[in-house]
Amino acid sequence: MALPDLDDLIAEVDRRCDNAHRPGGQDQPDRLALLTVAAQLAGQLQALADDLVEDYVEHCRMHGNSWTDIGTALGVTRQAAQQRFHAPHKRYSPEVMTDDLREAMVHVKQAAVHHRNNYIGTEHLLWGLTVQSNSATRLLQTVGVPPETVHQSVGTRLSMGASQAAERIAWTPYSRKAIAIAEARSEQNGFDRIDCDDLLIGLVQVGRGVAADVLTEAGFDPAALDATPVDV
């Protein structure tokens, strides 16, 4: 994968801020508007880079690497690495999930293992949620999005990896954010267990990752749920 160079990024800023260029080219462009967009783009790239590093730190910790080793790999001290990444990620046991979500998680793990991926990304979660009927697929049907279409689309995004350690699979940062949103939604609705539709909403509300892209392309808009009776 080729990384964008500076010219690519400048072109993207121009594309996002075309209103900063005066009609007819007679006046000077709005340079402050361009700077604002450039800063926003830089922030998005930095957040993506941070998520990438965090994901691999998680894998290193799961496989027994010390904070000293991680710090050395990152070119910082053990203390600096631990301060940045020390917050433990919450583990979600089957007891906090409905039976349907537990069953979906079996398919999620199978998808990761089958594709030799040593991570669970949002694509694996969405694939598992749409294997069979549950509150997530019924939610999709309610807003006019065929679950089969979503399942097939996300299936094409699953890529074959080379992991030989599938028994110790880490969730990516986006996947952890999605289930955290799902837990908050479940609690807000007065339930003590996370269901499939909660996780579906979490995936789209993260706003980034393969699952969010697939759901957006399929036309799933959680805002439409406010005006649509949902029977899940």
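Scroll up for the structure.
Thresholds, definitions, all that
- Residues numbered from 1 in each chain as written.
- Predicted model: local features only at pLDDT ≥ 70, side-chain atom pairs only at ≥ 80, totals over all residues.
- Heavy atoms only, no water.
- Salt bridge = Lys/Arg side-chain N within 4 Å of Asp/Glu carboxyl O.
- Helix = DSSP H or I, 4+ residues; strand = E, 2+ residues; numbered from the N terminus.
- Buried < 20%, exposed > 50% of the residue type's maximum accessible area, 1.4 Å probe, protein only.

A. Up close: the pattern of salt bridges. A full pass over the atoms with the stated rule returns eight salt bridges. When the shortest N-O distance is used, the salt bridge between Glu-12 and Arg-16 registers 2.8 Å. One end of the pair, Glu-12, and the other, Arg-16, are both in helix 1 (residues 6-16), four residues apart, so they sit about a helical turn from each other. Here Arg-16 falls in the partly exposed class, since its relative accessible area comes to 38%. Here Arg-185 ties to Asp-198 by a salt bridge, and the two come within 2.6 Å at their closest N and O atoms. Taken together, the positions of Arg-185 in helix 9 (residues 173-188) and Asp-198 in helix 10 (residues 196-206) put the pair 13 residues apart, joining distant regions of the chain. Judged by relative accessible area, which is 5%, Asp-198 ranks as buried. Connected through salt bridges with shared partners, the residues Glu-12, Arg-15 and Arg-16 form a single ionic network.

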